[in-house]
Amino acid sequence: MNLGLRDPAWLTYAQMFGAARWQCDLRNVVVFTILFLVVAIGVGLLLALLLDRRLIGCGFFRNVFLFPYALSFIVTGVAWRWIFNPEAGVNLLFNAFGINHLLATVGAPPLKPGWITDPSVLLPINDLLGKVFPAANDLAVQIGIPVALIPVVIAASWQLSGFAMAMYIAGLSVVPHELREAARIDGANEWQVYTRVVIPQLKPVTFSLVIILGHISLKIFDLVFAMTGAGPGFATDVPGIFVFEQTFKAIRYNTGAAASIVMLVLVAIVIIPYLWRTLGRVR
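Below you will find a few notes about this structure. (Residues numbered from 1 in each chain as written. Predicted model: local features only at pLDDT ≥ 70, side-chain atom pairs only at ≥ 80, totals over all residues. Heavy atoms only, no water.)

## Regarding a nonpolar patch on the surface
Next up, step 1: Taken together, the side chains of V30, I34, V38, V39 and V43 present a nonpolar region at the surface, about 400 Å² in accessible area.
Next up, step 2: Within the secondary structure layout, I34 lies in helix α2 (residues 20-52). (Patch = residues over 30% accessible without salt bridge, like charges linked within 9 Å, V, L, I, M, F, W, Y side chains within 5 Å. Areas by Shrake-Rupley, 256 points an atom, 1.4 Å probe, with all protein chains shown as cover. Salt bridge = Lys/Arg side-chain N within 4 Å of Asp/Glu carboxyl O. Helix = DSSP H or I, 4+ residues; strand = E, 2+ residues; numbered from the N terminus.)

Written out as structure tokens, the structure reads:
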């Protein structure tokens, strides 16, 4: 059993950053954060704008859209793991609607996507990145979008887009109604009212959502652990799982502590500018 307690700190970090798995973790958490923020905030804004139109049953749908936020990430992970299972879940729809039967009659293979079992990477940019940053040629992983990570993004966005919607609804409630009426009097249509008047007023809400959801995604653990674990070829592995396994399974406390420090720095990069801006306004 090697606790790694006598290794110098710099050697621990050098070995960790040189490991293919840790490079996969950093790639995955960056890709997951970007995709998750885009999808969750985008869907939340769309839902808020639809509910802002005061459609029939908007109160009911507001509760429905917000309901996933009340669930734990473990429950969400288990449910979506079943949905994206190659042997069940969504794939059963291909058989239920006769799609696979139709494909079989024309001699085509049935649809049975791997979902969370696909280790491939979409849009690899190693060659392009290596021309700009020569050090990137030494990376042991492909820089791109892991296919198995996409279902995790969908599950996380499904759970937290309702929270983003609630934040935007609160923001829309304080947008002065006079601004909309003035824009309509000036000849703006509804699309222009929302894109040029309403949405720009929601920038503080968007900034807050980026901070809140960003720090959640950087330290994500339970959803990924319950849904896919480290995934095929570490396609869905994240720093949180790496810390857990290095500390409690591999009993390498030095590596687990080093990875925890890196996670702390990543979260601090997101949180500190927000605190700096907030405290600056208070003063």
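## Observations regarding the pattern of salt bridges
Next up, step 1: Using the criterion set out here, one finds five salt bridges in the structure.
Next up, step 2: Two residues, R21 and D237, come together in a salt bridge whose shortest N-O distance is 2.6 Å. Here R21, found in helix α2, pairs with D237, found in the loop between α12 (222-227) and α13 (239-248); they are 216 residues apart in sequence, far enough to count as distant. The two residues R21 and D237 agree in class, both being buried. (Buried < 20%, exposed > 50% of the residue type's maximum accessible area, 1.4 Å probe, protein only.)

## Side note on the packing of helix α4 (residues 73-83) against helix α8 (residues 149-173)
Next up, step 1: It is at 10 Å that the axes of α4 and α8 come closest, and there the two elements cross at 135 degrees. Relative to α8, α4 is oriented oblique. Both α4 and α8 take part in a crossing whose hand is right-handed. Residue-level inspection shows F73, T76 and W80 of α4 in contact with α8, the latter providing I154, A155, W158, Q159 and L160.
Next up, step 2: The class makeup of the residues in the contact of α4 with α8 is six nonpolar, two polar and no charged. (Axes fitted to C-alpha atoms, helices over the stretch in contact; angles between N-to-C directions. Parallel < 35°, antiparallel > 145°, perpendicular 65-115°, else oblique. Left-handed = near helix turned anticlockwise from the far one by under 90°. Contact = heavy atoms within 4.5 Å. Nonpolar A, V, L, I, M, F, W, Y, C, P; charged D, E, K, R; others polar.)

## Focus: the environment of T76
Next up, step 1: Within the secondary structure, T76 is located in helix α4.
Next up, step 2: Under the relative-accessibility criterion, T76 is labelled buried at 1%.
Next up, step 3: For the pair T76 and M227, spaced 151 residues apart in the sequence, the C-alpha separation amounts to 8.1 Å.
Next up, step 4: Apart from residues lying up to four places away in sequence, T76 is in contact with L71, A155, W158, Q159 and L223.

## Quick notes on the packing of aromatic side chains
Next up, step 1: Inspection of every chain in the model, using the stated rule, returns 10 aromatic pairs.
Next up, step 2: Relative to W22, the ring of F17 lies with its centre 6.1 Å away and its plane at 90 degrees, an arrangement referred to as edge-to-face.
Next up, step 3: Judged by its relative accessible area of 38%, F17 is partly exposed.
Next up, step 4: A ring pair is formed by F225 and F244, whose centres lie 5.6 Å apart and whose planes are at 75 degrees; its orientation type is edge-to-face. Placement of F225 in helix α12 and of F244 in helix α13 is noted, with a sequence separation of 19 residues between them.
Next up, step 5: Exposure remark for F225: the relative accessible area of 36% places this residue in the partly exposed category.
Next up, step 6: For F244, a relative accessible area of 26% translates into the label partly exposed. (Phe/Tyr/Trp six-rings, centres within 6.5 Å; stacked < 30°, edge-to-face > 60°.)

## Here we look at the nonpolar core
Next up, step 1: Among the nonpolar cores identified, the biggest contains 44 residues, and F32, F36, Y168, L209 and L213 are the most heavily contacted of them.
Next up, step 2: Residue assignment for this core shows that the elements contributing at least two residues are α2, α4, α8, α10 (190-198), α11 (203-218) and α12.
Next up, step 3: Not counting chain neighbours up to four residues away, the residues in contact with L209 comprise I41, F163, A164, M167, Y168 and G214.
Next up, step 4: By size, the runner-up hydrophobic cluster in this structure holds eight residues, among which are M16, V243, A258 and V262. (Core = buried A, V, L, I, M, F, W, Y, C linked by side-chain atoms within 4.5 Å.)

## Observations concerning unusual backbone geometry
Next up, step 1: The phi dihedral of F234 falls on the positive side, at around 60 degrees, and the residue is not glycine.
Next up, step 2: Its place among the elements puts F234 in the loop between α12 and α13.
Next up, step 3: In this structure, I251 is a non-glycine residue whose phi angle is positive, near 55 degrees.
Next up, step 4: Checked against the element boundaries, I251 lands in the loop between α13 and α14 (253-282).

## Comments concerning the side chain of R180
Next up, step 1: One can find R180 in helix α9 (residues 177-185).
Next up, step 2: On the accessibility criterion, R180 (9% relative accessible area) is buried.
Next up, step 3: Residues within four places of R180 in sequence aside, it is in contact with D52, L172, V175, V193, Y194 and V198.

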